[in-house]
Amino acid sequence: MTQETGSLAVDGPDAFRATLHALRVWDVPLPAFDTGAAPAEPLALFREWFLHAAEVGQPEPHTMSLATVDADGRPDVRTLMLHDADARGWHFASHATSAKGRQLAGHPDAALGFYWSAVARQIRIRGRVTACGPEESRADLAVRSRGALAAALTGRQSEVLGSVQELARASAAAWERAGAEPDAPAPTWTRYVLEPAEVEFFQGDSARRHVRLRYRRTPDGAGWTRELLWP
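Throughout, residues of each chain are indexed from 1 in the direction in which the sequence is written. For a predicted model such as this one, the threshold for reporting local features is a pLDDT of at least 70, and the threshold for listing and counting side-chain atom pairs is 80 or more; totals across whole chains, interfaces and linings nevertheless cover every residue. Side-chain figures throughout are based on the complete set of non-hydrogen atoms in the structure, without hydrogens or water.

Examining the layout of surface pockets
Buriedness for pockets is judged along seven lines, at least five of which must meet protein on both sides within 12 Å for an open set on the 1 Å grid over protein atoms alone, while cavities are sets there where a 1.4 Å probe fits but cannot get out, and lining residues have an atom within 4 Å of a point. Grid points are joined across faces, edges and corners, and a volume is the space filled by probe spheres set on the points. There is about 260 Å³ of room inside the largest pocket. Along the walls of the largest pocket sit 14 residues, with Ala 93, Ser 94, Arg 144, Gln 157 and Trp 189 positioned nearest its centre. Strands are runs of DSSP state E lasting at least 2 residues, helices are runs of H or I lasting at least 4, and numbering of each runs from the N terminus. Contributions of two or more residues to the lining of the largest pocket are made by strand E4 (75–81), strand E6 (89–95) and helix H5 (146–154). Looking at side-chain class alone, the lining of the largest pocket contains seven nonpolar, five polar and two charged residues. Computed from the structure, the second largest pocket encloses a volume of approximately 220 Å³. Lining the second largest pocket are Thr 154, Gly 155, Arg 156, Glu 159, Val 160, Leu 161, Gly 162, Glu 166, Leu 167 and Ala 170. For the lining of the second largest pocket, the element with the highest residue contribution is helix H6 (residues 164–180), accounting for three residues. Only Asp, Glu, Lys and Arg are considered charged, only Ala, Val, Leu, Ile, Met, Phe, Trp, Tyr, Cys and Pro nonpolar, and every remaining residue, Gly among them, polar.

Some remarks on the pairing of strand E10 (residues 211–217)
Examined bridge by bridge, strand E9 (residues 189–203) and E10 share six bridges and lie antiparallel to one another. Within the sheet, the bridge partner assigned to Glu 198 lies in E10 and is Arg 216. At least two bridges found by DSSP between two strands is the condition for calling them paired. Sheet topology places E10 next to strand E11 (residues 224–229); six bridges connect them, and they run antiparallel. Its bridge partner being in E11, Arg 214 is matched across the sheet by Glu 227. If you look at the hairpin formed by E10 and E11, you'll find six residues sitting between the two strands, and Gly 221 has a positive phi there, around 75°.

What to know about the packing of H5 against H6
In this analysis an axis means a line fitted to C-alpha atoms, helices contributing only their contacting stretch, and an angle means the value between N-to-C directions, from 0 to 180 degrees. Interaxial distance between H5 and H6 falls to 8 Å at its minimum, and their mutual angle equals 125°. One way to sum up the angle between H5 and H6 is to call them oblique. Between H5 and H6 lies a crossing of right-handed hand. Here Arg 146, Gly 147, Leu 149, Ala 150, Leu 153 and Thr 154 of H5 come into contact with H6, specifically with Ala 170, Ser 171, Ala 174, Trp 175, Glu 176, Arg 177, Ala 178 and Gly 179. Among the residues forming the contact of H5 with H6, the class breakdown is seven nonpolar, four polar and three charged. Just so you know how the angles are binned, under 35 degrees is roughly parallel, over 145 roughly antiparallel, 65 to 115 roughly perpendicular, and the rest oblique. Crossings are assigned a handedness: left-handed for a near helix turned anticlockwise from the far helix by less than a right angle, right-handed for a clockwise turn. In this analysis, two residues are considered to be in contact whenever any of their non-hydrogen atoms come within 4.5 Å of each other.

Looking at empty space enclosed by the protein
Taken as a whole, this structure holds one cavity of 30 Å³ or more when the rule is applied. Taken as a whole, the largest cavity encloses approximately 30 Å³ of empty space. As for the largest cavity, its lining consists of Arg 124, Ile 125, Arg 126, Glu 198, Val 199 and Glu 200. Of the residues assigned to the lining of the largest cavity, the class counts are two nonpolar, no polar and four charged.

Concerning the pattern of salt bridges
Salt bridge, as used here: a side-chain nitrogen of Lys or Arg that lies within 4 Å of a carboxyl oxygen of Asp or Glu. Taken as a whole and judged by the stated rule, the model has 13 salt bridges. Asp 76 serves as the salt-bridge partner of Arg 78, at 3.4 Å between the closest nitrogen and oxygen. Residue Glu 200 pairs with Arg 124 through a salt bridge whose shortest N-O separation is 2.6 Å. Taken together, the residues span a long stretch of sequence, with Glu 200 in strand E9 and Arg 124 in strand E8 (residues 121–131) at a distance of 76 residues. Accessibility here uses a 1.4 Å probe with only protein chains present; expressed as a share of the type maximum, an area under 20% marks a residue as buried, one over 50% as exposed, and anything in between as partly exposed. Of the residues examined, Glu 200 reaches a relative accessible area of 4% and is grouped as buried. Overall, Arg 124 belongs to the partly exposed group, its relative accessible area being 40%. If you follow the salt bridges from partner to partner, you end up with Arg 124, Glu 200 and Arg 212 in one network.

Quick look at the structure:
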């Protein structure tokens, strides 16, 4: 069977590879990155890049990848939402009993990754994650939507699910409770903060002369060193 993909006709078994190799990236004007004008610490540059990505229409710029390792040292990664970025670090939340929560409890070193295709920019962050206390974790959930509270009340994240009907029943009950009790406790819901030890800013270039600037925390923890990296 022949399928039409835009102007490209491909045979069924080869559709994936033909489409994959026909794709192009960054065929639009891209922003410049003057590393000489970059601030002395990475948080200010992250906020600047984040606001720019949102302004130019990058979908969901607050989504990011979180990489962790399990008890056997095997890497794991998933996409989740950024909740804040401040002097303490980059904030996110999840259940302490989830796979990521258990992995972070055993191995708190982790990495975050942002990719904003609209501007060909990536940000990579490595550091140690700490769990916030119950009060801050509850406050994190309080400012989110009813759906977020319902999901937190449903719980059991990453556990094996018996059927979609079981999920539907649990979710419906959680939605009802979230509406009736907007302050309902979700004991395992936890806010986490990744304190950065290293932050890299990557600006893509259509000629593949990508610009990479890495910040590394100084040994005394009081400041940052900056260095350019080869693409």
